[in-house]
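Read off the chains here:
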Amino acid sequence: MRGGVTLQCRVNVPPGKQAVADKLELEGDFVLKDAEFTTPKVREAVADIIRRAQGKPTATEIAEVPVRMQSRFRMASGVMLFQDLWFEIPGAKVRLEGTYDVGKEEIDMAGRTWIQARVSQMVKSPWKRWVLKPVDPFFAKDGYGTVTTVKISGTYANPKFSR
């Protein structure tokens, strides 16, 4: 990921013979502005989410859009714990909590999404849109077309998104 970052954190390096990277402890918060994912698979997944969140799942003009992310975090033993991680893209916002193992690049996060589009507007197939229309009201909340849970697992290079 690359982009502008505002970071405020406390750094602690306890004494010992371990490598600094293994014993480094961080605690603080950050804000990423106009951030872009650098992994092609992640970039395409985010672009697809943006298209669906805006109710335009087949739109090719929505390719890459910078995102905003902010969170409180703690890091110890190479594992970052995110508390109240907010991720905003055009058409949606996501609140997550969970961990990211820096050495293994493994993600384990879960949370909630607030999406502009209704469930039926997020699918590409016209007949699926029609079939899903009756369930739209069950997912609409808080002024959003869809509010649902999300889980992200796997690795940074190969994330898996589920509900």
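Residues numbered from 1 in each chain as written. Predicted model: local features only at pLDDT ≥ 70, side-chain atom pairs only at ≥ 80, totals over all residues. Heavy atoms only, no water.

Caption draft 1: Quick peek at the overall build of the chain. Within the chain, the regular secondary structure consists of four helices and eight strands. The secondary structure elements of the chain, listed N-terminal to C-terminal, are β-α-β-α-β-β-β-β-α-α-β-β. Projected onto its principal axes, the C-alpha coordinates of the chain cover approximately 65 × 30 × 25 Å. Buried residues in the chain amount to 36% of all 163 residues. Contacts in the chain between residues far apart in sequence, at least 24 positions, make up 52% of those at least 6 positions apart. Within the structure as shown, the chain displays about 9,800 Å² of accessible surface, and the carbon and sulfur contribution to it stands at 56%. Averaging the locations of the 26 positively and 19 negatively charged side chains of the chain gives two centres separated by 5 Å. (Helix = DSSP H or I, 4+ residues; strand = E, 2+ residues; numbered from the N terminus. Buried < 20%, exposed > 50% of the residue type's maximum accessible area, 1.4 Å probe, protein only. Contact = heavy atoms within 4.5 Å. Areas by Shrake-Rupley, 256 points an atom, 1.4 Å probe, with all protein chains shown as cover. Lys, Arg positive; Asp, Glu negative; His and termini not counted. Charge placed at Lys NZ, Arg CZ, Asp CG, Glu CD.)

Caption draft 2: Structural detail: the nonpolar core. Membership of the largest hydrophobic core comes to 32 residues, with the highest contact counts inside it found for Phe 37, Val 46, Phe 82 and Phe 87. Mapped onto this core, the elements with two or more residues apiece are β2 (25-36), α2 (40-53), β3 (67-76), β4 (79-89), β5 (92-101), β6 (106-115) and β7 (146-155). Apart from the residues lying within four places of it in its own chain, the contact partners of Phe 87 are Phe 37, Val 46, Val 67, Arg 68, Met 69, Ala 92, Lys 93 and Val 94. (Core = buried A, V, L, I, M, F, W, Y, C linked by side-chain atoms within 4.5 Å.)

Caption draft 3: Representation of the sheet that holds β5 in the model. Pairing within the open sheet is antiparallel, and its eight strands lie in the order β1-β2-β3-β4-β5-β6-β7-β8. For this open sheet the edge positions go to β1 (2-12) and β8 (159-162), each flanked by a neighbour on one side alone. Adjacent strand axes in the sheet meet at a mean angle of 15° when their direction is disregarded. Relative to β3, β2 runs antiparallel, the two sharing eight bridges. Bridge pairing links Glu 27 to Arg 74 in β3. Packing against the sheet, α2 makes contact with β3, β4, β5, β6 and β8, and its axis sits at approximately 45° to β4. (Pairing = 2+ DSSP bridges. Axes fitted to C-alpha atoms, helices over the stretch in contact; angles between N-to-C directions.)

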